[in-house]
Structure formats: C-alpha cells, structure tokens
Amino acid sequence: MRGGLPCFLFFVFLVCVLARIRDPYKIIGVTRKAETQDIKKAYKKLAKEWHPDKNQSPEASAKFIEINQAYELLMDPERRRLFDTTGQTEEQPNFRKTHDYSSYGRFDPFDNIFSNFGGNFHFNFKHGEGTNIYKKQSITYKSYQNSIVHLSKKQPYLILFYAVWCVACAHIEPIWRRLNEELEPINFGMATVHAEREVELAKKIGVKTVPYLVMLLDGHPYHYTEPSVSMVSSLDFIRSKFPHKLVQRITEDTLESFLGGWLDNRVRVLIFGRLDIIRLRYLTVGWEFKERAVIGYVQMDRADTDSIRARYSVSNKVDTLLVFHEDMHTPVASVAMTDLPYPTMRDIIEGNKFLVLPRLSSQAVFDALCPVESVRSRRRLCVVLVTQNDPSHDPSRAALREYAMSDQARERDRVRYTYLFREKQVEFMNALTSASGSPIETNHHIVILWRKDQNHLKYEWLEGGWEVEPEKQNASRESLKAAVQRLLHSNQPMPYETVVQELFDEHAQGIVWRIINKLVSVQDYLRDNVTEDDLLPAVSILVTVLFIVAGGYVMSYLVKLEEERVAKSNFTFVDQTGKVTVQPQLRVHELRGESYNGLVRMLKPGCRTLVMLCDSESKSKLMPKFHTACWPYRKNKTLMFAFLNIERASAMEWYKRILVLGLPEPRDLNINPKNTIGTVISLNGHRKYYCLFHAKHPEGAFGLHPAPGTAEKEGLRRRHPRSGISGDFMGFSDNESESEASDPEVGSKKKDSIASDRPLLNYYSNILFEEQLLEGLSNWMDRLFEGTTVRYHINYWPDWPGK
C-alpha cells in the first residue's frame, strides 16, 4: 500500500497534464497574430476533415473534440487574451466556458486509466442527476437569441442559471425537477444556462449570482427576486408575470360585453372551472392564442355565475370549455372533462380560431386564411368583401356571413370568406384596383383571390357587386356561387394579376402604447436588478444631470431677463424731420470743450474713447449703426463712446489740429467737413496716439500693412484706385470742383497744400452713401483690440479751440 500511493499520485499528475488543451494555435494551425477570419477558415477545414461521421479513424472523435475546444478558446477574446498572457486554458480549474461534446464520445480519463487497477477501482466525477437535467436542458447564447426569444412570443419560458460547483444549485435541483414536471405539460419552455460558460448571456439578462431564475415572456426577462427558491414562491412568481387581463373573470354583468366583443376579429373562449384561482394552464393557453382568441374564466358555484352555467347547460361537476364566434347564443365547439388537459384545449381553439367571416387585419391572418397554392388545379380561393369601418356596412358583412354558413358555400376547405376595411388596407386596395377593369367604387364589392406565391396573386371582381336588398340578394348569391365553382373546377385563367405588399397590421400597438410598455418594462427591470448599492450612484448621476439642466435653464432665464431689461430701457432719438428712431441704451457723450478733458486728456492708462464724426443731418442715420457696432463692448469699463458734431467750428478746428499733429511734417490742410462724416477716431489719451477709421481709409499709410484681407472687409474691394492723392478719409479732397464748391477761396491753393502729403493719402474714386459709411466698423474694432490697426502718434493733445 505504501508503494501504491506514490504511483497513484504520479498517475493523477499525469492525467491532469494530459487533460489540458495543448497550444490552441498549433491545433488550429494558425499563428498567434491570426485574424478571426483566418481562424474560422482553418477551423472549418479541420472540422470537415476530422468529423467522426466522415473520418473512421479511432482518434477522430478525440481530435474533433480538441479542435472544437481550441476554436472556442480562440474565438472568445477574453479567453484568448488570458491564454496569450498566462497560458491558461479552459480545461484548467478556473475555466469559464466549455461546450458539451458528449455526442462525440467524450470519456472520463480517470475511468479509463484507473480501470486497469481493478474492476471496481475508478473515480466517478458525475455530479448527480441534477447535473444531468441541467445539461440536458442547457442552452447557449446563440440558441437563446435565435430561437428562445422568438418562441417566447407564444410559449412562456422559465430559465435557470446555474454553475457546476454551486452547492445551492444542487440543493434546488429537486425543486427544478418538480417545476419541470408541472410546467412542461402545460406548454412551458424549460431551459438552463451555465452561467460560467455563457457569460455574455448572463451579462445581457443581468445575472450576478447563481442559482438565478428568470421568466421570459415575449422576449422580455422577468427576474425572480425572492431570497430562496421554493415551489410555491416560484409558481406565484410565474403567475404574477402574465398580463393582468390575459384571462378575464366573467360574471352575469360582463358576459354580454365579453361575447359581443368579436368585432376585434378574435374568437371568444369561456372556461368553466371550480377553483377560485385561474389555473396556469388557462394562462398559458391564453398566452399562446392571445392574437386570435380572448379567454374568459367563469368560476362555478357562485351566485353571479349560475345563470351563465344554466344558459349553456354546463355541469358543475366537470370543467368545460366553450368557443364562440359571432353568435353569442350558441358555441361552435365545446369540451367537458374532469381536468381539461392543455393539448385538448389547444386543439379545440386551434381548430376554431377564426370567425365565420374574419377580417383581413394583418399579414399573418392573410397567410392563414388565404395560403399560397401555386398549382392551378388545386388552387385555394379567398372571397373578400370590400367594406369600411362603418355601421352602415354591417348589412353587407352580415349577408356574406350568412352565405358562408349556408349550404351554398360548398368546399369550405378550398374557399375562405373574409372582408377587409378599405381605409385600413389602402396599399392592398390600390394594388387590386390598378387594373383597367376594376370597379370605380369598390365598396360592397367582392373580389376573388388566388395567391400564386407570397406576393403575386390573381383575382377577379364579382360582377354587379354584393347586393343586400331582398330582390337583388339572391342574384348576388347565385353569381358568387357560379364564379366560385367555375374557378375551382376549371382551368380558366383569372383575368387580373398584381403584386401586393404586406398588409397593414391593424392590431399593432401605436407609438404611445409602445412607449408606455417600454417604460413599464424598464420599471420592472430596474425593480428586479437595481439594488441599494447600485441606486446611490444612479441617483447621484441623475441629480447631477438635473442640476446641470436646471443651471442652464436658470442662466438662460437670467439672460432673457437682462435682454428684457435692456429692451425696456431703450431710448428714442428724434431727428430734425420729427422721425422717431428707437436706439439701444449706450452712453454716448458729445465731444466738446466741457467734456474734452474727461474724454481725452484725463483718460486712465489702458482706456480709450471712440469718437464718431457726424452732423445734425447724418446723426439720425449714423448713430444707430454706431450703437450696433459698439453694443458688444458696452460693459467694457476701459471704453468710452462719443460723437463730434463737425458743424461746430471748434470741433472742426480740433479735428484739423490732431490730423496735422499725426503727419510726418506739419502742413496746412483744407478740409471739406462733408467728407469727414462717418469717421471714427480711437483716442488713447495716456499714450498719446489715435487710430482712424473711414470707409475710404486703406489702413496702409506710412508703409504699414494690416493683415491680409482687411481691405476687403472694409469694403475697399468695391473702390478702384486711381493716380493722384486724396484726403477723403480725413475730410479733404483734390477734386477741384468739389473743393471749390465747398470753399472757393482755397480752390487755387489746394495742390500746393496737399502735394507733400502723398505718403499718407490715397485716393478711391467711388462715391459712398451715408448708409455705407460704417459698414466695416465692427471689423475695424476687432483689429483695434487685436492691435493690428495703424497708430498715429502725437507729441501732445492740443487745447480745445476757444478755451
């Protein structure tokens, strides 16, 4: 025995080493840098070569399992990264995913090796019967997405997330078995998910621990939140997740409205039972047929249901199911048993799930009532009455319904009588009326359809329409009977053919109901998944977002209040003609002797004054534009704004003095005041310089050139240079006629007085109107604050004339 223990440990170590996956890259035959497409291509080639059904080699099964394991590892980004960094594979103790390849002869290596030591000496690594049922019902993420979600629209699913080494999962295995025995016979889908292998699926549904129970209805997962799993709590959880009115309780007061609701194109089903609660099998049958039938439950042995039971002669000793079509007095099918089994109920409802005269209300109904039959000799016909959703059309529908139940409507297995609402199925009706022989007015007309394939159909209009008047009704019936018999028993082609699109789904939920249902789903999800630990960060984020939104709203509100305050504080300017102009509030002073020192000489460092030149006539036009250009800078405490009335002799004299001081050499200038209108001067009182803006000022004097393109921004592009000199931007001109007309005494001296100022002066011949004088002021002010405008330095500020 002492010598056997080391040997035993050696064999255990050897088996553990052999059980590990070799290098998956070598198994697949790709490099470590291989892309996903290269791995898939190599895998398909190897899988085809080593599949046990195609390769008879003894080692084919083991090789195929090895290839699949390697492929699964390399196709999972996390597992591949883990292997690349640590060399860890899925067969080691902390693996996450594997697939069950038992169908390819997977064996227990411990059994095979240690069986040589004796017939009864082997290791059994089975995990009990619970593991077997878990494996048997196990699904993958792919099958969940491609199959289970779609099936849950008609079949509720119960899904259990488990893990192999989970003790609690083993404890609830008997409960899961009992649930399986109870629910599978009543059309419940039962599935299990290995949470460690199907990490994506667990993350998608929101599973954090195992065991974890989820109910799936119409693709939406509902989470079991009780602390422990028991039979009673599980069934209560399942029952609570079905829609509230999936099976309605019926009494004497609600019977008439229930049976008379067949106008929604669904049959009515009454189930008579003795229990106070609605059994789960009634809920599941209601869920499966929710689109075609409405289920009502009548609890017997109650005072308010005795008349219902007596009306339909239902025994109170057995459970009974009745199916009603349009006639609420007589059921079309019935079954009575001590315990109604689910298959029986399903078969009865399935065979009677359409009314006598159903409405083509969706593509699914159209496919069921008018199936495709490509062979002409076996073609199936669909007789469709065209009506509108109007009570005045009820007699036409009632007449066709009566005809469909009569003996005249033969061969019902090949002919189906239906109707449609023209205003609902507009595109479908447009396709049928596209032929030239179609009736102009299609209401109360019958069209006979034969579907060759999914989209193509042939059809024929019944001549004369569908009459309901007694003297014409028999003729319509005979005509319909003859047309149906002719089309069924002859190879006569139908006259019209068209292509139709899918029918409009009249039962589809509107946008409002979809939003409401989505909100309810989100509420359920949050209630089931969000814990107190998750709630605090979520609330914090929500409060932060709300605070930001509220802050933005408050800021916008304050801005609005400021704009309203400014608008209320507007003042008006009245010109000489009495015209009233509303101007924004901006303190604009008049530059004159009394304000000269405060606006110019006594300015603090960094401060300047912008002065616009105008006269009484042009002030009303120029002042609003000056206000508009200066308005963005109204809160700048380093700026002051003023205007200079050039009609005052002292103002004109002062302007002439600062122009002379800005020239390289003093000259006597003759200035035309009219040409100075629209000039804006930026005065820097502390540093003793000024900048000039005028519509004709090129900003390129003294050899200084502003940034490229500034001339165009000021409108200079519209003016063409010509030889000569001009002081238009300063107020004087070399135009003889203009100068003489304004000042005859200086006309003869103008050439001598300005000839030496050519470096400073430039000439542009185009005439500018007053409305255009301040067009480029805003751009000039931008350059002014950037420091790119030309500065004219002076030695001192001259005294104001007359002081």
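This is a predicted model, so every value here is computed, not measured.

## Some points on the packing of helix 14 (residues 280-288) against helix 16 (residues 342-351)
When two helices pack together, their arrangement is captured by the angle between the axes and the distance separating the axes.
For step 1, the next point in the chain: Two numbers describe how helix 14 lies on helix 16: the axes approach to 10 Å, and their chain directions differ by 30°. As summarised for this structure, helix 14 and helix 16 are arranged roughly parallel, according to the angle between their axes. Crossing of helix 14 against helix 16: the hand is right-handed. Across from R281, Y282, T284, V285 and E288 in helix 14, the residues of helix 16 making contact are Y342, M345, R346 and I349.
For step 2, the next point in the chain: Here the contact of helix 14 with helix 16 is built from residues that sort into five nonpolar, one polar and three charged.

## Side note on the sheet that holds strand 11 (residues 415-421)
For step 1, the next point in the chain: Taken together, five strands build an open sheet; the order of strands is 11-10-12-13-14 and the sheet is mixed. Each end of this open sheet is capped by a strand with a single partner; those strands are strand 11 and strand 14 (496-499). Between one strand axis and the next, the sheet turns by 30° as a mean value, whatever way the strands run.
For step 2, the next point in the chain: Taken together, the four bridges between strand 13 (residues 456-461) and strand 14 define a ladder with antiparallel strand orientation. Within the sheet, the bridge partner assigned to L457 lies in strand 14 and is T498.
For step 3, the next point in the chain: Contacting strand 10 (381-387), strand 11 and strand 12 (445-451), helix 18 (residues 394-405) crosses the sheet at an angle of about 170° to strand 11.

## A word on unusual backbone geometry
Trans is the prevailing form of peptide bonds, just as negative phi is the prevailing case for residues other than glycine.
For step 1, the next point in the chain: A cis amide bond links V210 to the next residue, P211, at an omega of -5°.
For step 2, the next point in the chain: As for its position among the elements, P211 is in the loop between helix 11 (199-205) and strand 3 (212-217).
For step 3, the next point in the chain: Residues other than glycine seldom take positive phi values, yet D301 does so here, at roughly 65°.
For step 4, the next point in the chain: For D301, the position within the fold is in the loop between strand 7 (293-299) and helix 15 (306-311).

## Brief notes about a nonpolar patch on the surface
For step 1, the next point in the chain: Taken together, the side chains of Y553, V554, M555, Y557, L558 and L561 present a nonpolar region at the surface, about 620 Å² in accessible area.
For step 2, the next point in the chain: We classify M555 as exposed; its relative accessible area is 54%.

## Remarks on the pairing of strand 1 (residues 157-162)
For step 1, the next point in the chain: For strand 1, the tally of buried residues reaches six of six residues, placing the bulk of the element in the interior.
For step 2, the next point in the chain: Residue alternation in strand 1 divides its side chains into two sets, Y157, I159 and F161 and L158, L160 and Y162, and both sets are buried.
For step 3, the next point in the chain: Of the strand pairs in this sheet, strand 1 and strand 2 (residues 189-194) are connected by six bridges, and their pairing is parallel. Bridge pairing in strand 2 links Y157 to G189.
For step 4, the next point in the chain: In this structure, strand 1 lies alongside strand 3, joined through five bridges in antiparallel fashion. Opposite I159, over in strand 3, you have V214 as the bridge partner.

## A short note on the state of the cysteines
For step 1, the next point in the chain: With the rule as written, the count across this model stands at one disulfide.
For step 2, the next point in the chain: Sulfur-sulfur distance for the disulfide between C370 and C382 comes to 2.0 Å. Of this pair, C370 sits in the loop between helix 17 (363-369) and strand 10 while C382 sits in strand 10, placing them twelve residues apart in sequence.
For step 3, the next point in the chain: For C382, a relative accessible area of 1% corresponds to the buried category.

## A look at helix 24 (residues 616-630)
For step 1, the next point in the chain: Between the first and last C-alpha of helix 24 there are 20 Å, a value that for 15 residues agrees with the 21 Å anticipated at 1.5 Å per step.
For step 2, the next point in the chain: Turning to helix 24, its buried residues number three or more, namely S618, K619, S620, L622, M623, F626, H627, A629 and C630.

## Observations regarding the packing of aromatic side chains
For step 1, the next point in the chain: Using the criterion set out here, one finds 19 aromatic pairs in the structure.
For step 2, the next point in the chain: Arranged with centres 3.8 Å apart and planes meeting at 15°, the rings of Y43 and Y71 form a pair that is stacked. Of this pair, Y43 sits in helix 3 (residues 36-50) while Y71 sits in helix 4 (residues 60-75); the two residues are 28 residues apart in sequence, bridging distant segments of the chain. Note on accessibility: Y43 and Y71 belong to one class, buried.
For step 3, the next point in the chain: Seen in terms of ring centroids, Y282 and Y297 are 5.8 Å apart; in terms of plane orientation they differ by 35°. Their pairing is tilted. Residue Y282 is located in helix 14, and its partner Y297 is located in strand 7; the two are separated by 15 residues in the primary sequence.
For step 4, the next point in the chain: Judged by its relative accessible area of 1%, Y297 falls in the buried class.
For step 5, the next point in the chain: In textbook terms, an aromatic cluster arises when at least three aromatic residues are bridged by ring pairs, as seen for F188, F242 and W287.

## Some remarks on the packing of helix 10 (residues 173-183) against helix 12 (residues 231-241)
For step 1, the next point in the chain: For the pair helix 10 and helix 12, interaxial distance at closest approach is 10 Å and the crossing angle is 45°. Relative to helix 12, helix 10 is oriented oblique. For the pair helix 10 and helix 12, the crossing hand works out as right-handed. Contacts from I175, R178, L179, E182 and L183 of helix 10 reach helix 12 at M231, S234, L235 and I238.
For step 2, the next point in the chain: Looking at the contact of helix 10 with helix 12 residue by residue, the classes come out as six nonpolar, one polar and two charged.

## Some words on the nonpolar core
For soluble globular proteins, nonpolar side chains are generally found buried alongside one another.
For step 1, the next point in the chain: Ranked by size, the top nonpolar core spans 55 residues in total, and within it L591 and F626 carry the most contacts.
For step 2, the next point in the chain: Going through the elements one at a time, helix 23 (593-601), strand 18 (608-614), helix 24, strand 19 (639-645), helix 25 (649-662), strand 20 (680-684), strand 21 (689-693) and helix 29 (777-786) are the ones with two or more residues in this core.
For step 3, the next point in the chain: Here the element with the most residues in this core is helix 25; it accounts for seven residues.
For step 4, the next point in the chain: Filtering out sequence-adjacent residues up to four positions away, L591 remains in contact with Y596, L599, V600, V611, A642, F643, L644, W654 and W800.
For step 5, the next point in the chain: One finds I133, Y162, V247 and L321 within the second-largest nonpolar core, a separate group that totals 49 residues.

Reading the values: the criteria
- Residues numbered from 1 in each chain as written.
- Predicted model: local features only at pLDDT ≥ 70, side-chain atom pairs only at ≥ 80, totals over all residues.
- Heavy atoms only, no water.
- Axes fitted to C-alpha atoms, helices over the stretch in contact; angles between N-to-C directions.
- Helix = DSSP H or I, 4+ residues; strand = E, 2+ residues; numbered from the N terminus.
- Parallel < 35°, antiparallel > 145°, perpendicular 65-115°, else oblique.
- Left-handed = near helix turned anticlockwise from the far one by under 90°.
- Contact = heavy atoms within 4.5 Å.
- Nonpolar A, V, L, I, M, F, W, Y, C, P; charged D, E, K, R; others polar.
- Pairing = 2+ DSSP bridges.
- Patch = residues over 30% accessible without salt bridge, like charges linked within 9 Å, V, L, I, M, F, W, Y side chains within 5 Å.
- Areas by Shrake-Rupley, 256 points an atom, 1.4 Å probe, with all protein chains shown as cover.
- Salt bridge = Lys/Arg side-chain N within 4 Å of Asp/Glu carboxyl O.
- Buried < 20%, exposed > 50% of the residue type's maximum accessible area, 1.4 Å probe, protein only.
- Disulfide = S-S within 2.5 Å.
- Expected span 1.5 Å × (residues − 1).
- Phe/Tyr/Trp six-rings, centres within 6.5 Å; stacked < 30°, edge-to-face > 60°.
- Core = buried A, V, L, I, M, F, W, Y, C linked by side-chain atoms within 4.5 Å.

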